[in-house]
Amino acid sequence: MTKIKVIALDLEGTLISNAMSQFPRPGLYAFLEACRGRVERVVMFTTVKESVFRPIADLLVAEGHAPSWFRDIEFVTWEGATKNLDWIPGVQPEEALLVDDFEIYVHPGQEAQWLRAPFFDWPYPDDDTGLGIVLEMILNCTERRPGSTCGVE
Ligand SMILES: [Mg+2]
């Protein structure tokens, strides 16, 4: 398996409810810290504009839902219909994982790099465990575990 160097995170439906209501997903702080502990780079790969994202990140940090480094997280600039991992500077697509709740954004040919985040959906329950499920997948992709497979299905 190619060594994973980057985790690319979707925002809406994955880390928070959406850019309007901005409810943090349960376990967000610990999830972000765990990502950062596993790979060299954690980046945002979202349809939300950076100018909209930064204030959301500021608020999440201010309210204690995200670690302080999340304010300055690398933000991937991209265009097109899918989240082509080639847009992440300095790495090959095989060296990146895309955490996203929405299959339609997975770039053709990069399905193996996709970790399907369970959709964080209304009414945004306090006992949502989606980020824990994603973290298990990340651990399987970033360390060798007997019998483990990267990704879902
Ligand atoms: Mg999403």
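Parameters at a glance
- Residues numbered from 1 in each chain as written.
- Predicted model: local features only at pLDDT ≥ 70, side-chain atom pairs only at ≥ 80, totals over all residues.
- Helix = DSSP H or I, 4+ residues; strand = E, 2+ residues; numbered from the N terminus.
- Rg over C-alpha atoms; globule rule 2.2 N^0.38 Å.
- Buried ≥ 20, exposed ≤ 12 C-beta atoms within 10 Å, placed from the backbone.
- Contact = placed C-beta atoms within 7 Å.
- Right-handed = clockwise from strand over helix to strand, strands pointing away.
- Pairing = 2+ DSSP bridges.
- Expected span 1.5 Å × (residues − 1).
- Arc of directions from axis to C-beta.
- Core = buried A, V, L, I, M, F, W, Y, C linked by C-beta atoms within 7 Å.
- Axes fitted to C-alpha atoms, helices over the stretch in contact; angles between N-to-C directions.
- Parallel < 35°, antiparallel > 145°, perpendicular 65-115°, else oblique.
- Nonpolar A, V, L, I, M, F, W, Y, C, P; charged D, E, K, R; others polar.

J.: Teacher, can you tell me more about the overall build of the chain here?
T.: Regarding its fold elements, the chain presents 3 helices and 5 strands. Listed by position from the N terminus, the elements making up the chain come as β-α-β-α-β-β-β-α. Relative to its length of 153 residues, the chain is compact, with a C-alpha radius of gyration of 14 Å against a globular reference of 15 Å. The principal-axis extents of the C-alpha atoms in the chain amount to approximately 40 × 35 × 25 Å. Counting every position in the chain, which comprises 153 residues, the buried fraction comes to 30%. Considering only contacts in the chain between residues 6 or more positions apart, those separated by 24 or more positions represent 62%.

J.: When you look at the environment of Ile 104 in this model, what are you seeing that I'm missing?
T.: Here Ile 104 is to be found in the loop between β4 (96–100) and β5 (114–116). Along the sequence, Ile 104 and Gly 130 sit 26 residues apart, while their C-alpha atoms lie 19 Å from each other.

J.: Just checking my understanding: could you explain the pairing of strand β1 (residues 6–9) for this structure?
T.: In the case of a regular strand, side chains alternate between the two sheet surfaces. A two-sided burial pattern is seen for β1, the buried positions comprising Val 6 and Ala 8 on one face and Ile 7 and Leu 9 on the other. Crossover β1 to strand β2 (residues 41–44) through helix α1 (residues 28–38) is right-handed. In the sheet, β1 pairs with β4 via 4 bridges, with the strands oriented parallel. Considered in β4, the bridge of Ile 7 is made with Leu 97.

J.: What exactly am I supposed to notice about the sheet that holds strand β3 (residues 74–75) here?
T.: Sheet strands associate in pairs through backbone hydrogen bonding, adopting either a parallel or an antiparallel arrangement. Here 5 strands make up an open sheet; going across it, the order is β3-β2-β1-β4-β5 and the pairing parallel. Unpaired on one side and paired on the other, β3 and β5 mark the two borders of the sheet. In this sheet, β2 lies alongside β1 in parallel orientation, the contact comprising 4 bridges. Note that in β2 the partner of Val 6 across the bridge is Arg 41.

J.: Is there a simple way to think about helix α2 (residues 50–62) in this case?
T.: Side chains of residues three or four places apart in an α-helix project in the same direction, reflecting 3.6 residues per turn. Between the first and last C-alpha of α2 there are 18 Å, a value that for 13 residues agrees with the 18 Å anticipated at 1.5 Å per step. Residues Ile 56, Ala 57 and Leu 60 constitute the buried set of α2. The buried residues of α2 occupy an angular sector of 105 degrees when projected down its axis, which confines them to one face. Those residues of α2 that are exposed and angled more than 90 degrees off the buried face are Ser 51, Pro 55 and Ala 62. Remark: Gly 64 follows α2 within two positions and exhibits a positive phi of approximately 80 degrees.

J.: I tried to follow the nonpolar core on my own but got confused; where do I start?
T.: Across soluble globular proteins, you tend to see nonpolar side chains buried next to one another. Core analysis: the largest hydrophobic core is formed by 33 residues, its most contacted members being Ile 7, Ala 8, Leu 97, Leu 98, Val 99, Leu 115 and Ile 138. Listed by contribution, the elements that provide at least two residues to this core are β1, α1, α2, β4, β5 and α3 (130–142). Per element, the largest residue contribution to this core is 5 residues, and it comes from α3. Those residues in contact with Val 99, other than ones at most four positions away along the chain, are Ile 7, Ala 8, Leu 9, Asp 10, Thr 14, Leu 115, Ala 117 and Val 134.

J.: Can you help me understand the packing of α1 against α3 in this one?
T.: How two helices sit against one another is set out by the angle between their axes and by the gap between those axes. Two numbers describe how α1 lies on α3: the axes approach to 10 Å, and their chain directions differ by 5 degrees. Judged on the interaxial angle alone, α3 and α1 are roughly parallel. Judged by residue contacts, Leu 28, Phe 31, Ala 34, Cys 35 and Arg 38 of α1 engage Leu 131, Leu 135, Ile 138 and Thr 142 from α3. The class makeup of the residues in the contact of α1 with α3 is 7 nonpolar, 1 polar and 1 charged.

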